[in-house]
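# Structural overview for review
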Amino acid sequence: MTRINRWEIKWETDTEYSLMEAIDSKGYKQITPETLVRAKQAGAHGIWIKFVLPHISHREGLFINNLYGEHVTAYMDEQQIYQHSYNYLYGKNRLLLPIEVNDSDKTILIHVHSSMEEMGLLGTVQIGDYQQFTVSYVKEDLIDIILGCSFLIVATLMFICSIFLGRGQIAAWLSLSAVILSASILLLAYSPFLYTFYGNYGSVYLHLFDLALFTLMPSLTYFFESIFGKGLYSIIRRYRIFQVYYSSLCFFLLLLQNIVPIRGVYFFLTVTAFGITMIVQFMLLFIMSIIYAVRGNKDAVFISTGFGLFALIGTGELLWFYLDKGYYELHLWKYGLIGFICSLVILLGKRFAHSHMQIVKYSKELEMYNNRLQRSEKMEVISQLAASVAHEVRNPLQVTRGFLQLMGDFTNADKERKYLKLAIEELDRAANIITNYLTFAKPQLEEVCVLNLAEELLHVEGILLPLANQEGGKIVMNIPKDLHMRGNSSKLKQAFINIIKNSIEALQGSGSIHLWAYEEQGEAIIHIRDNGRGMEESTLKRLGEPYFSSQTKGTGLGLMVTFRIIELMEGKLEFKSNLGTGTEAIIRFPIVKQ
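Let me sum up the structure you'll find in this document.

Conventions adopted
Residues numbered from 1 in each chain as written. Predicted model: local features only at pLDDT ≥ 70, side-chain atom pairs only at ≥ 80, totals over all residues. Heavy atoms only, no water. Helix = DSSP H or I, 4+ residues; strand = E, 2+ residues; numbered from the N terminus. Contact = heavy atoms within 4.5 Å. Areas by Shrake-Rupley, 256 points an atom, 1.4 Å probe, with all protein chains shown as cover. Pairing = 2+ DSSP bridges. Axes fitted to C-alpha atoms, helices over the stretch in contact; angles between N-to-C directions. Salt bridge = Lys/Arg side-chain N within 4 Å of Asp/Glu carboxyl O. Buried < 20%, exposed > 50% of the residue type's maximum accessible area, 1.4 Å probe, protein only. Core = buried A, V, L, I, M, F, W, Y, C linked by side-chain atoms within 4.5 Å. Parallel < 35°, antiparallel > 145°, perpendicular 65-115°, else oblique. Left-handed = near helix turned anticlockwise from the far one by under 90°. Nonpolar A, V, L, I, M, F, W, Y, C, P; charged D, E, K, R; others polar.

### Remarks on the overall build of the protein
Across its full length, the protein holds 15 helices and 17 strands. Within the protein, contacts between residues separated by at least 24 positions form 74% of all contacts whose residues are at least 6 apart in sequence. As displayed, the protein offers around 31900 Å² of accessible surface, 59% of which is attributable to carbon and sulfur atoms.

Here it is as structure tokens:
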């Protein structure tokens, strides 16, 4: 590849030179890479560029990557070989011309005419393999098109999927969709690819670029607000409202620009001033994300990294653009934008995953609360029933029991004594059932004091050990002596007797019941595990329901009372069981430090 680093230029000021006047060497100025000119000379409306081709050994190509001007015409020894014009405010051209062997040492004249400030040839003139230049000519900005179209597809799919979202998710989703859509249009409309190969629609690209920019900034701020809130003193929300009004003003100026030319005002408000608001926005959102990150917000830590990269690149390029008087071409921003949008998509996906986990958690809690509510309603019914009939039924039972005892004292026949004893036992059983009902009618604990769990459970073991031995089982207990809780001693023993008694009855001929306890996170946790017949999942879910029992002779009131007693002592009771392997009860009580 051969590079031409020197050429000559001649400015057109008053009148446009003819081709013959341009060929005349008078008025030309030598240009080198050190003396490149980008801004047109004061009063100039055109420029002529002249250089001589080197020796050409075979068919090659002449490639100029940066040629600025709205109207470009190229000549080779007085013969026109290229002409292109833009009828809108865009002036970057890429020139690729084939040259033959007989074109060696010929003079190339390029006439550039433009109403824009930037005009001329920047960089170098390259001469090399024509096919290789053709590939570069096509692929130069193709990556912008690929990225822009990819973002456009993603944004379109997100807009379509938004119809399936709920009200709580739609705001962040739509704002992110608008950000991605705007970014895709910016990438497409800023790329020279479209202007090079589809230049007939250049004015449409420019308008789309401006509209995308006017949409991107408020959408980005709104997305940030929907994720992190209004910010300190509602600064994010206020700046977003300001951006909405400012973008609306820019949109109105865009419409007015197509009717009445107001190029100076439009350029100042939509480029210079708008760029300053972008810098302020980048700095504001970046500082706020840092503040949230310092406060422990994990999402802010994640987004501040991606946004910090984008803000740093974007702010740096904008500052360089202004320092370079608007001649600098923004090109690094697209890579920062890609990283930032990826971080936004990942963040939104993370938020959705977190929301899904919260919904699952709340669903489980709702199911648990619903079960508790159903149990509470059933308990309330039982309480009312017990309060209304318990006393009325207990009094006649006591009278009947007394007369039966008297009859037993005056009866000598063994058979009659047996029947009377059986009747008294059944009356006692009925009295116990009524007592269980009264537990719900009068749920208050009469005497509450600090209890030592080891002492209480040791007493329970002494009561139930004969029953366990009778059933062929044994009780193994390991309770620390320093676990204390607040409750009623008799009620606590009643609850544990009910649980352990069920475990003894579940033993099949022989087995063991293990009791152990420990402290964890301010709670005393007691485990009661047997290796009996166990229960099915459907049976396990119904434990504690009134009148439900897995025992053939059970009334279902024992566990119902047990649940109520443990609740009154601010405890929790849960069961785990597998059919054929046994059941485990887990009881939790708040610890009292001694």
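### Quick notes on the sheet that holds strand E9 (residues 107-113)
Read across the sheet, 6 strands follow the order E3-E2-E4-E9-E6-E7 without closing on themselves; strand pairing throughout is antiparallel. In the strand order of this sheet, the two ends are held by strand E3 (29-31) and strand E7 (79-85), each with one partner. Strand-to-strand twist across the sheet, computed as the mean angle between neighbouring axes with direction ignored, equals 20 degrees. Where strand E6 (residues 71-76) meets E7, 6 bridges bridge the pair, whose relative direction is antiparallel. Residue pairing for E7: Thr 73 is matched across the bridge by Gln 83.

### Section: the pattern of salt bridges
Summed over all chains, the structure comprises 10 salt bridges. For Lys 106, the salt bridge goes to Asp 103, with nearest N and O atoms at 3.2 Å. A salt bridge links Arg 588 to Glu 523, with the nearest nitrogen and oxygen atoms 3.6 Å apart. Within this pair, whereas Arg 588 is found in strand E17 (residues 582-590), its partner Glu 523 is found in strand E15 (residues 523-530), the two being separated by 65 residues in sequence. Judged by its relative accessible area of 24%, Arg 588 is partly exposed. Here Glu 523 falls in the partly exposed class, since its relative accessible area comes to 24%.

### So, the nonpolar core
Phe 223, Phe 274 and Phe 307 are the most contacted members of the largest nonpolar core, which totals 65 residues. Of all the secondary structure elements, the ones that give two or more residues to this core are helix H3 (142-161), helix H4 (167-190), helix H5 (192-197), helix H6 (202-228), helix H7 (235-257), helix H8 (263-294), helix H9 (298-323) and helix H10 (333-409). Look past the residues within four positions of Phe 307 in its chain and what remains in contact with it is Leu 220, Phe 282, Leu 285, Phe 286 and Phe 340. Judged by nonpolar contacts, the second largest core, of 39 residues, contains Ala 454, Ile 499, Leu 515 and Phe 589.

### Points about the sheet that holds strand E10 (residues 120-128)
The strand order E1-E10-E5-E8 describes an open sheet built from 4 strands, whose pairing is antiparallel. Unpaired on one side and paired on the other, strand E1 (2-4) and strand E8 (92-99) mark the two borders of the sheet. Each neighbouring strand pair of the sheet contributes to a mean axis angle of 20 degrees, computed without reference to strand direction. Note: strand E5 (residues 60-68) against E10, 7 bridges, orientation antiparallel. Directly across from Phe 63, in E10, lies its bridge partner Gln 126.

### Observations regarding unusual backbone geometry
Residue Ser 234 is not a glycine yet carries a positive backbone phi of 60 degrees. Tracing the backbone through its elements, the reader meets Ser 234 in the loop between H6 and H7.

### What about the pairing of E9?
Summarising burial for E9: 5 of the 7 residues are buried, a large majority. Sheet analysis places strand E4 (residues 46-52) next to E9, joined by 7 bridges and oriented antiparallel. Residue pairing for E9: Gly 46 is matched across the bridge by His 113. Relative to E9, E6 runs antiparallel, the two being bridged by 6 bridges. Residue pairing across strands places Met 76 opposite Ile 108, the latter belonging to E9.

### A short note on the packing of H6 against H7
Between H6 and H7, whose axes approach to 9 Å, the crossing angle comes to 170 degrees. The angle between H6 and H7 falls in the class roughly antiparallel. Here the hand of the crossing between H6 and H7 comes out left-handed. Residue-level inspection shows His 207, Asp 210, Leu 211, Phe 214, Met 217, Pro 218, Thr 221, Tyr 222, Phe 224 and Glu 225 of H6 in contact with H7, the latter providing Ile 236, Arg 237, Arg 240, Gln 243, Val 244, Ser 247, Cys 250, Phe 251 and Leu 254. Looking at the contact of H6 with H7 residue by residue, the class counts come to 11 nonpolar, 4 polar and 4 charged.

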